[in-house]
Amino acid sequence: MSTTSDTGGPLLRVRGLTVGFPTAAGSVEVVKSLDFELARGGALGIVGESGSGKSMTSLAIMGLLPKGARRTGSIEFDGTELTALRERAMRAVRGDRIAMIFQDPLSSLNPYYTVGTQIAEAYRSHRKGVTRRQARAVAIEAMERVHIHDAARRVDHYPHQFSGGMRQRVMIAMMLSMEPELLIADEPTTALDVTVQAQILDLLAEIRADTGAGLILITHDLAVVSEVTDHIVVMREGELVEQGPVERIFTDPREAYTRMLLDAVPRIDDEIGLLKTTASAEEDR
Ligand SMILES: Nc1ncnc2c1ncn2[C@@H]1O[C@H](COP(=O)(O)OP(=O)(O)OP(=O)(O)O)[C@@H](O)[C@H]1O
Ligand SMILES: [Mg+2]
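### A word on the sheet that holds strand 3 (residues 43-47)
- With mixed pairing, the six strands of this open sheet are ordered in space as 6-7-8-3-9-10. Two strands lie at the open edges of the sheet, namely strand 6 (98-101) and strand 10 (239-245), each paired on one side alone. Shown here is a sheet whose adjacent strand axes are inclined to one another by a mean of 15°, direction ignored.
- Sheet topology note: the strand 6/strand 7 (residues 182-186) ladder contains four bridges and is parallel. Bridge pairing links Met100 to Ile184 in strand 7.

Below, the structure written as structure tokens:
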């Protein structure tokens, strides 16, 4: 399969995306005719309160919606219509070209295998003909790239031997080893305390700058997206409230709902800024 067939268009173009679930009374739509785009090398934040459809949107892109969910509309990735792909072709896109990290890294990691084994096996499942030894070297390198110190030793540790922030780094390392063109991070820092949260956001920004991969960052927290993304999509109850460049959304929000989300921001923003400068080298266990 070709890698990047730069068609000149955006990396991702979502049109009329609707996700519905059957109910006794008919069906309920949890994502309603959503339109947005992600530029090549761009970083998009999707924000909205709990239940607004952020996760369903990302799962729809990944082709990982829960059983029974019905998806309509168009999802074009690098010129390919993902909704037209069969599961086998979609599996090749997933992980290899589009990778996702979730809120809770513990539930994504297997407690019975070392983190090195898990990164290496994920890598081997997408790269045919790679030996165990080569995959282990890739795992160590990926762990170094996400600033896990002493990676050559830590590679043989189990998930429970890592802190929450370090586990999220392991997940990011696993994702990075695939060299994806698009990263989707669904609330990657929600379970972490504010210091560690800032560090993970820095890491995502750094990876984006280094690899040129596109990023979709999902969160209920506008302060978080402003750190890392350049464009924001605001969702409420499955619908698009407004979207635009970060600066515009922050300085000139057009919808009352966005203003309400923004009202919660300054205090948290200051806090993150403060912690970033005072405690940047702390978390390392
Ligand atoms: N399997 C399911 N069957 C029916 N409805 C579902 C199912 N899964 C999720 N929903 C509903 O879809 C809506 C959107 O959920 P979604 O998980 O996308 O919200 P979210 O914006 O990610 O929220 P959060 O910030 O809490 O993660 C919610 O109202 C939820 O109850
Ligand atoms: Mg969610």
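Structure's up, so let's keep going.
### Some points on the sheet that holds strand 1 (residues 12-23)
- Reading across from one edge, 2-1-4-5 is the order of the four strands in this open sheet, with antiparallel pairing throughout. Each of the sheet's edge strands pairs with one partner strand only, and the pair in question is strand 2 (26-38) and strand 5 (80-81).
- Where strand 1 meets strand 4 (residues 70-77), seven bridges bridge the pair, whose relative direction is antiparallel. Opposite Gly20, over in strand 4, you have Arg70 as the bridge partner.

### Notes on unusual backbone geometry
- Positioned with a positive phi, Ser33 is a non-glycine residue whose angle comes to about 45°.
- By secondary structure assignment, the location of Ser33 is in strand 2.
- Phi angles above zero are rare outside glycine, and Glu237 is one such case at about 45°.
- Take Glu237: its relative accessible area is 57%, and that puts it in the exposed class.

### Overview of the domain arrangement of the chain
- Splitting the chain by domain gives domain 1 (12-97 + 180-284) and domain 2 (107-179).
- The distance between the C-alpha centroids of domain 1 and domain 2 comes to 24 Å.
- Contact residues are listed per partner, giving 19 residues for domain 1 and 17 residues for domain 2.
- Both sides together, the interface formed by domain 1 and domain 2 hides about 1500 Å², and carbon and sulfur atoms give 61% of it.
- Applying the counting rule to domain 1 against domain 2 returns one salt bridge.

### Concerning the pattern of salt bridges
- Overall, the coordinates contain 17 salt bridges when judged by the stated rule.
- The closest approach of N and O atoms between Glu87 and Arg94, which form a salt bridge, is 2.7 Å.
- We classify Glu87 as partly exposed; its relative accessible area is 40%.
- Take Arg94: its relative accessible area is 13%, and that puts it in the buried class.
- Several salt bridges share partner residues, and in doing so they unite Arg13, Arg15, Glu37 and Glu76 into one network.

### Considerations on the nonpolar core
- In this structure, Met143, Ile172, Leu217, Leu222 and Ile232 are the most contacted members of the largest nonpolar core, which totals 51 residues.
- The biggest single contributor to this core is helix 7 (residues 164-176), with eight residues.
- Summarising the domain contributions, this core has at least three residues from each of domain 1 (12-97 + 180-284) and domain 2 (107-179).
- Residue contacts for Leu222: discarding those within four places in its chain leaves Val47, Ile232, Phe250, Thr258, Leu261, Leu262 and Val265.
- Judged by nonpolar contacts, the second largest core, of 28 residues, contains Leu38, Ala60, Phe77 and Leu182.

Rules used in this analysis
Residues numbered from 1 in each chain as written. Chains lettered and ligands numbered in written order. Predicted model: local features only at pLDDT ≥ 70, side-chain atom pairs only at ≥ 80, totals over all residues. Heavy atoms only, no water. Pairing = 2+ DSSP bridges. Helix = DSSP H or I, 4+ residues; strand = E, 2+ residues; numbered from the N terminus. Axes fitted to C-alpha atoms, helices over the stretch in contact; angles between N-to-C directions. Buried < 20%, exposed > 50% of the residue type's maximum accessible area, 1.4 Å probe, protein only. Domains from an automatic or database assignment. Contact = heavy atoms within 4.5 Å. Buried area = accessible area lost by both parts, 1.4 Å probe. Salt bridge = Lys/Arg side-chain N within 4 Å of Asp/Glu carboxyl O. Core = buried A, V, L, I, M, F, W, Y, C linked by side-chain atoms within 4.5 Å.

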